[in-house]
Amino acid sequence: MAAARDLQQLARDHLWLHFSRLGEYAAGAELPVIVRGDGCHLEDSAGRRYLDGLSGLFAVQIGYSHGEEIGAAAAAQMRELPFYTNWSYAHPRSIELAAEIAELAPEGLNRVFFVSGGSEAVEAAWKLAREYHGSRGERRWKAISRNYAYHGTTMGALSITGVAGLRTPFEPLVPSVAHLSDTSRYRRPEGESEEAFTALLVAELEQAILREDPETVAMVILEPVQNSGGAITPPRGYFAGVREVCDRYGVLLCADEVICGFGRLGDWFGSERYGIRPDLITCAKGLSSAYASIGALIAADHVAAPFLEGEAMFTHGMTFGGHPVQSAIALANIEIMRRERVVENVAANRDDFHRTLAQLLDIGIVGDLRGDGYFWALELVRDKETKEPFSDDEAEWLLRGLISRRVFEAGLICRADDRGEPAVQVAPPLIAGQAEFDEIVGILGEVLTEADTALRRSGGGVDFADPRSS
Ligand code: PLP
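Thresholds applied
Along each chain, residues carry numbers from 1 onward, in the same order as the chain's sequence is written. Reporting in this predicted model follows two pLDDT cut-offs: at least 70 for local features of residues, and 80 or more for side-chain atom pairs to be given and counted; totals over whole chains, interfaces and linings ignore these cut-offs and use all residues. Excluded from the side-chain calculations are hydrogens and water; all other atoms, namely the structure's heavy atoms, are used. The numbering of helices and of strands both runs from the N terminus, where a helix is a DSSP run of H or I of at least 4 residues and a strand a run of E of at least 2. Given a helix with a known number of residues, its expected span is that number minus one, times 1.5 Å. The rule is simple: take the accessible area with a 1.4 Å probe, protein chains only, and divide by the maximum for that residue type; under 20% is buried, over 50% is exposed, in between is partly exposed. An arc is given here, and it is the one of the directions from the helix axis to the C-beta atoms. Residues are treated as being in contact if the distance between any of their heavy atoms lies within 4.5 Å. Domain delimitation follows an automatic or database domain assignment. Buried area is a sum: the accessible area each of two parts loses on coming together, probed at 1.4 Å, counted once for each and added. If even one non-hydrogen atom of a residue comes within 4 Å of a molecule or strand, that residue is called near it. Polar contact is defined as a pair of N or O atoms within 3.5 Å, subject to the rule that within protein one atom must be able to donate a hydrogen and the other to accept it, and that residues adjacent in sequence are counted only when both atoms are side-chain atoms. The Shrake-Rupley method, run with a 1.4 Å probe sphere, supplies the accessible areas, and residue values consider only the shown protein chains as cover. The rule for pairing is simple: two strands pair if DSSP sees at least two bridges between them. Convention adopted: a line fitted to C-alpha atoms gives each axis, helices being fitted over their contacting stretch, and angles between N-to-C directions are expressed from 0 to 180 degrees. Grouping buried Ala, Val, Leu, Ile, Met, Phe, Trp, Tyr and Cys residues that are joined through side-chain atoms within 4.5 Å yields what is termed a nonpolar core.

Participant: Describe helix α4 (residues 67-80), listing the residues and the values that go with them.
Facilitator: With 14 residues, α4 ought to run about 20 Å at 1.5 Å a step, and its terminal C-alpha atoms sit 19 Å apart, in line with that. Within the sequence span of α4, burial applies to Ile 70, Ala 74 and Gln 77. For α4, the angular spread of buried residues about the axis comes to 60 degrees, placing them on one side. Facing away from the buried side of α4, by more than 90 degrees, are the exposed residues Glu 68, Arg 79 and Glu 80. Where the residues of α4 are buried, they touch α5 (92-104) and α13 (324-339).

As structure tokens, this is what we get:
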């Protein structure tokens with residue numbers, strides 16, 4: 001195995017990191033190389049330990065200590081049947097996993113189509129929605145999602161994604177996606193009631209469907225709690241209103257639960273927590289706690305029904321969908337989640353997590369704290385009173401220059417997100433408890449206070465080029 005120093009060089013020479021500015025490493029910055037994990041913690045190649053306040057990427061529900069058990073399940077499957085496909089054939093593990101997911105999913109969602117990850121699940125959802133309408137003699141193809149929402153990077157999923165900076169380099173995208181307002185109440189006019197905000201958002205959806213022509217709209221796709229933009233929760237009554245509008249115009253409602261699914265909010269699915277009653281659910285990450293690259297599209301019985309008749313089929317598939325080893329890993333993960341009562345742990349501790357994080361609201365630049373379960377974000381503002389946002393330069397300095405670096409140096413992995421207003425995201429493994437909450441808040445408290453002090457000392461006029469000017 002390559003030594004730590006060799007790994008740095010080999011990575012510089014050969015590894016293409018995702019969504020990363022490789023120039024920083026080419027210029028000599030040390031690449032973080034994570035070599036092992038246990039519980040909620042990780043260790044890098046220099047022996048430094050980190051609390052993983054992001055669960056990998058919102059994915060490692062059970063933490064990092066179950067490699068032996070899950071590895072044994074994977075090895076047993078390797079011995080028995082290392083691969084077969086779900087393309088015209090079945091095998092025991094994907095059958096068992098489909099049944100397990102159907103049992104955990106909200107009532108009426110019983111049909112599972114396996115894919116390799118979240119983007120593929122979203123692609124499959126959009127294609128299934130189109131073909132479902134086709135099977136009923138309608139030609140509908142459009143999708144509706146929300147601004148800032150992240151739904152993946154393949155061309156269909158990217159077209160649904162509402163983050164301008166991710167879309168623009170690849171335009172023209174798949175046409176016919178409309179984007180709605182996000183549901184954050186933070187910058188809504190003072191005095192506006194939650195009900196009034198909900199009514200506005202639901203009316204906006206209806207207007208979008210009417211504008212697009214209802215007979216052409218196949219699917220509305222929304223996360224229960226929207227990650228990008230900073231753990232944006234829905235206002236009361238939002239999903240009931242969305243469901244009603246979708247029903248009125250015959251549009252399928254897909255809950256993108258790639259993050260919220262498998263316990264993140266304290267229920268197996270966010271759809272239960274928010275009473276969404278979706279026709280489709282996309283999931284990935286937590287399905288295997290990211291020990292395998294497996295995702296799924298879960299369809300309601302009435303959506304699957306046309307495909308169970310005559311010569312009909314869903315004209316879609318991938319070699320690795322429902323891979324037996326990946327399915328065995330996901331089954332082992334779900335068994336561990338059940339046995340260790342991981343979802344119950346989130347439900348029991350989410351209020352304490354919220355209370356602990358709320359201490360950070362005392363810091364000048366922390367404008368808002370929002371989220372649910374083990375899925376929270378702090379929106380950062382230049383002026384708490386006026387909610388004045390940071391300029392792009394300031395946000396860059398604050399997030400990339402200072403917070404990301406200092407937090408990591410202090411031993412915490414979390415995310416400084418600039419896809420909407422600047423936000424710090426925290427989403428620890430679902431096994432975390434008060435000790436981890438305190439560790440997160442201790443480190444974030446120090447770093448955010450440091451950032452706040454630097455801004456105030458300079459009257460806002462920090463040297464953006466040099467994060468060390470703080
Ligand atoms: N949908 C949502 C809500 C996500 O958060 C993500 C990834 O973070 C995706 C889809 C895409 O998943 P993947 O990265 O597995 O393709």
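The structure having been displayed, the exposition proceeds.
Participant: Give a description of the domain arrangement of the protein that names residues and reports values.
Facilitator: On domain assignment, one finds that the protein holds domain 1 (32-62 + 341-469) and domain 2 (68-339). Each of domain 1 and domain 2 has a C-alpha centre, and these two points are 27 Å apart. Listed as interface residues are 36 residues of domain 1 and, on the opposing side, 37 residues of domain 2. Together domain 1 and domain 2 conceal approximately 3000 Å² of surface at their shared face, both sides included; 53% is due to carbon and sulfur atoms.

Participant: Would you mind going over the site of the ligand in detail, with residue names and values included?
Facilitator: Around the ligand sit Gly 117, Gly 118, Ser 119, Tyr 150, His 151, Gly 152, Glu 223, Asp 256, Val 258, Ile 259 and Lys 285, and those are all the residues in its vicinity. Here an oxygen atom of the ligand sits 2.6 Å away from a polar atom, N or O, in the side chain of Ser 119. Its free accessible area being 390 Å², the ligand has 81% of it covered by the protein chains.

Participant: How would you sum up the sheet that holds strand β6 (residues 177-180)? Please name residues and give values.
Facilitator: The strands making up a sheet are joined through hydrogen bonds of the backbone, oriented either antiparallel or parallel. Read from one edge of the open sheet, seven strands run β4-β10-β9-β8-β7-β5-β6, paired in mixed fashion. Either end of the sheet is taken by a strand with one partner, and the two such strands are β4 (109-115) and β6. Sheet twist, expressed as the average angle between the axes of neighbouring strands with direction ignored, equals 20 degrees. Taken together, the four bridges between strand β5 (residues 142-146) and β6 define a ladder with parallel strand orientation. Counted as the bridge partner of Ile 144 is Ala 178 from β6. Across the sheet, helix α10 (residues 238-249) lies against β5, β7 (217-222) and β8 (252-256), angled at about 170 degrees from β7, the strand it touches most.

Participant: I'd like to hear about the sheet that holds strand β15 (residues 423-426), residue by residue, with values.
Facilitator: One open sheet holds the four strands; their spatial order is β11-β12-β15-β14, and the pairing between them is antiparallel. Looking along the sheet, the strands with just one partner apiece sit at the ends: β11 (366-372) and β14 (415-417). When the angles between neighbouring strand axes are averaged without regard to direction, this sheet yields 25 degrees. Of the pairings in the sheet, the one linking β14 to β15 comprises three bridges and is antiparallel in character. Directly across from Ala 416, in β15, lies its bridge partner Val 424.

Participant: Help me get a handle on the nonpolar core, residues and values and all.
Facilitator: With 95 residues, the main nonpolar core has Met 219, Phe 262, Leu 280, Leu 380, Leu 444 and Leu 448 as its most contacted residues. Sorting elements by how many residues they give to this core places helix α16 (residues 434-457) first, with 10 residues. Apart from the residues lying within four places of it in its own chain, the contact partners of Met 219 are Ala 125, Trp 126, Ala 129, Lys 142, Ala 143, Ile 144, Ile 160, Val 251, Leu 252, Cys 254 and Leu 280. In this structure, Val 217, Tyr 238, Leu 253 and Ile 276 belong to the second largest nonpolar core, which totals 21 residues.

Participant: Pulling in residues and values, what's your account of unusual backbone geometry?
Facilitator: Cis rather than trans, the peptide bond between Glu 171 and Pro 172 has omega equal to 5 degrees. Mapped onto the fold, Pro 172 is located in the loop between α8 (164-167) and β6. Backbone geometry places Ala 231, a non-glycine residue, at a positive phi of 40 degrees. Within the secondary structure, Ala 231 sits in the loop between β7 and α10.

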